[in-house]
Amino acid sequence: MEKEGAGTENLGQAEAGRMRGWLLLAALLAGNVALALGPWLVRLADTGPVSAAFWRLLLALPFLVIFARVAGQRLSGMPRATMVAVAIGATAFALDLASWHTGIGMTRLANATLFGNSGSIVLLFWGFLAARTLPRGPEWLAIGCALGGAGILLGRSLEISDATFAGDLFCLAAGLLYAVYLLNLQGARGQKTGTGFGGWSLLVWVSVFACPTLLALALVLGEPVWPTDWTPIVILFVSSQLVGQGLLVYSLGHFPPLVIGLALLTQPAIAALVGYTMFGEVLTALDVFGMLLLGSALAAARGLQSKAPAAAGAARGTER
């Protein structure tokens, strides 16, 4: 009887484990779906693109403060060196969002999503440079796919219009700036921040520094800042900053980098579908081939992060 009871208990635990695994996978995919809708909402906003970036961060700031408090993390007394690293990273993040949001209005949504998430590949390159090593077989393949896919997509955008090509470049610049942000944030986490500081408190300070930068940039560019229709802005902040990021924070630590990279591919697929249905953005077979190459490189870069040297691992657990 005792053996039967133990067996039943083990079966129940196994079933609960399977259910938890499916919930985590659903959270991972749902988080990527929520983030994939961000570019569409940026286009729908009647503010300027940089202003939309300002609002998505500002509206999320009170919730970040609450999350930090609930997690028992301090918000004051951060060492000066850490604060400087966070400020530099936040400036890069603000410029990243400004560049990406600008590119979203100029190029196809699928391109914007792929190029905007290219920070993983940038970090892979940086890891080799920092460690002064050369890539090996699978790493060369990922680099080749990234360069080939980017070349195809950039060439196709240039065929469409100069503005579309410029939009791709803005999104590529965003990917580079996002890598700079991650590296600085990783450096801040690696410093002796003092007792009680953590990821949420760092993100609070990132938003504190990034919001004024975005607002100043929007005003310099002469963008409309105050929305007449708050619906796209509110949905953007909820879906991208709360739901999308929240689900990913909940699920990312439970999956290997390769699975995270493969889940990331849902974003360009959904963006392409939205671009086609809402804006008539038709993709040719060559477009799809280029996206598959670049998407494969993004997934491979995530999978190689556990093996790549130095700072390449900084992107793990962080999503747009």
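As the structure is a prediction and not an experimental result, all values here were calculated from the model.

> Looking at this structure, I do not really get the packing of aromatic side chains. What am I missing?
How two aromatic rings sit relative to each other is set out by the distance from centre to centre and by the angle between their planes. One pass over the full model with this rule turns up 10 aromatic pairs. Joined through ring pairs, the aromatic side chains of Phe54, Trp55, Trp226 and Trp230 make up one cluster. The ring centre of Phe279 lies 4.6 Å from the NZ or CZ of Arg43, which sits over that ring.

> Would you take a moment to explain a nonpolar patch on the surface for this structure?
The grouping of Phe63, Ile66, Phe67 and Val70 at the surface amounts to a nonpolar patch, some 380 Å² of accessible area in total. When you line up the elements, Ile66 lands in helix H3 (residues 49-70). Judged by its relative accessible area of 47%, Ile66 is partly exposed.

> Explain H3 to me, please; I cannot follow it from the model alone.
Residue pairs three or four apart in sequence face the same way in an α-helix, which turns once every 3.6 residues. When the terminal C-alpha atoms of H3 are compared, their 32 Å separation across 22 residues agrees well with the 32 Å that a helix rising 1.5 Å per residue should span. Maximum bend of H3: about 40°, positioned at Leu61, with proline Pro62 one to four residues after it. Looking at H3, one finds that the buried residues are Val50, Ser51, Ala52, Ala53, Phe54, Trp55, Arg56, Leu57, Ala60, Leu61, Leu64 and Ala68. For H3, the elements touching its buried residues are helix H4 (80-104), helix H9 (199-220) and helix H10 (231-251). One or two steps after H3, the chain reaches Gly72, where phi turns positive at roughly 75°.

> Would you mind showing me how to read the confidence of the model for the protein chain here?
Where the model shows low pLDDT, its predicted coordinates should not be examined in detail. Averaged over all residues, the pLDDT of the protein chain equals 84, while 85% of them reach at least 70. Across the protein chain, element-level confidence peaks in helix H2 (residues 38-44) with a mean pLDDT of 96 and bottoms out in helix H1 (residues 2-36) with 74. Scored below 50 in pLDDT, residues 307-318 shows 35 contacts in the model against residues more than four places distant or in partner chains.

> Would you take a moment to explain the nonpolar core for this structure?
Generally speaking, nonpolar side chains in soluble globular proteins are found buried as a group. Core analysis: the biggest nonpolar cluster contains 63 residues, and Tyr181 and Leu214 have the highest contact counts within it. Take this core: its biggest share by element is 10 residues, from H4. Those residues in contact with Tyr181, other than ones at most four positions away along the chain, are Gly89, Ala92, Phe93, Leu203 and Val206.

> Where do I start with the packing of H4 against H9 in this structure?
Packed helix pairs are specified by the crossing angle of their axes together with the interaxial distance, meaning the distance between the axes. Where H4 meets H9, the closest approach of the two axes is 8 Å, and the angle between their N-to-C directions is 50°. In terms of axis orientation, H4 runs oblique to H9. Every pair of crossing elements has a handedness; the one defined by H4 and H9 is right-handed. Residues Thr82, Met83, Val86, Ala87, Ala90, Phe93, Ala94, Leu95, Leu97 and Ala98 of H4 pack against Leu202, Trp205, Val206, Phe209, Ala210, Thr213, Leu214 and Leu217 of H9. Grouping the amino acids of the contact of H4 with H9 by side-chain chemistry returns 16 nonpolar, 2 polar and no charged.

> Help me out: how do you make sense of the pattern of salt bridges in this one?
Side-chain pairs of opposite charge can arise whenever the charged atoms involved come near each other. Counted according to the given criterion, the structure contains 4 salt bridges. A salt bridge links Arg43 to Glu281; the shortest N-O distance between them is 2.8 Å. Placement of the pair is Arg43 in helix H2 and Glu281 in the loop between helix H12 (266-279) and helix H13 (285-304), with a sequence separation of 238 residues. According to the relative accessible area criterion, Glu281 is buried, its value standing at 14%. Linking Asp287 and Arg156 is a salt bridge whose minimum nitrogen-to-oxygen distance equals 2.9 Å. Placement of Asp287 in helix H13 and of Arg156 in helix H7 (residues 137-160) is noted, with a sequence separation of 131 residues between them.

> How should the packing of H3 against H4 be read in this particular structure?
Contact geometry of H3 with H4 gives a least axis separation of 8 Å together with a crossing angle of 130°. With respect to H4, the axis of H3 lies oblique. Our pair here, H3 against H4, has a crossing hand that is right-handed. Facing H3, whose interface residues are Pro49, Val50, Ala52, Ala53, Arg56 and Leu57, H4 presents Phe93, Leu97, Ala98, Trp100, His101 and Thr102. Across the contact of H3 with H4, the residue classes tally to 9 nonpolar, 2 polar and 1 charged.

The rules we used
- Residues numbered from 1 in each chain as written.
- Predicted model: local features only at pLDDT ≥ 70, side-chain atom pairs only at ≥ 80, totals over all residues.
- Heavy atoms only, no water.
- Phe/Tyr/Trp six-rings, centres within 6.5 Å; stacked < 30°, edge-to-face > 60°.
- Lys NZ or Arg CZ within 6 Å of the ring centre and 35° of its normal.
- Patch = residues over 30% accessible without salt bridge, like charges linked within 9 Å, V, L, I, M, F, W, Y side chains within 5 Å.
- Areas by Shrake-Rupley, 256 points an atom, 1.4 Å probe, with all protein chains shown as cover.
- Salt bridge = Lys/Arg side-chain N within 4 Å of Asp/Glu carboxyl O.
- Helix = DSSP H or I, 4+ residues; strand = E, 2+ residues; numbered from the N terminus.
- Buried < 20%, exposed > 50% of the residue type's maximum accessible area, 1.4 Å probe, protein only.
- Expected span 1.5 Å × (residues − 1).
- Bend = angle between axes of the 7 residues up to and from the residue.
- Contact = heavy atoms within 4.5 Å.
- pLDDT = per-residue confidence, 0-100.
- Core = buried A, V, L, I, M, F, W, Y, C linked by side-chain atoms within 4.5 Å.
- Axes fitted to C-alpha atoms, helices over the stretch in contact; angles between N-to-C directions.
- Parallel < 35°, antiparallel > 145°, perpendicular 65-115°, else oblique.
- Left-handed = near helix turned anticlockwise from the far one by under 90°.
- Nonpolar A, V, L, I, M, F, W, Y, C, P; charged D, E, K, R; others polar.

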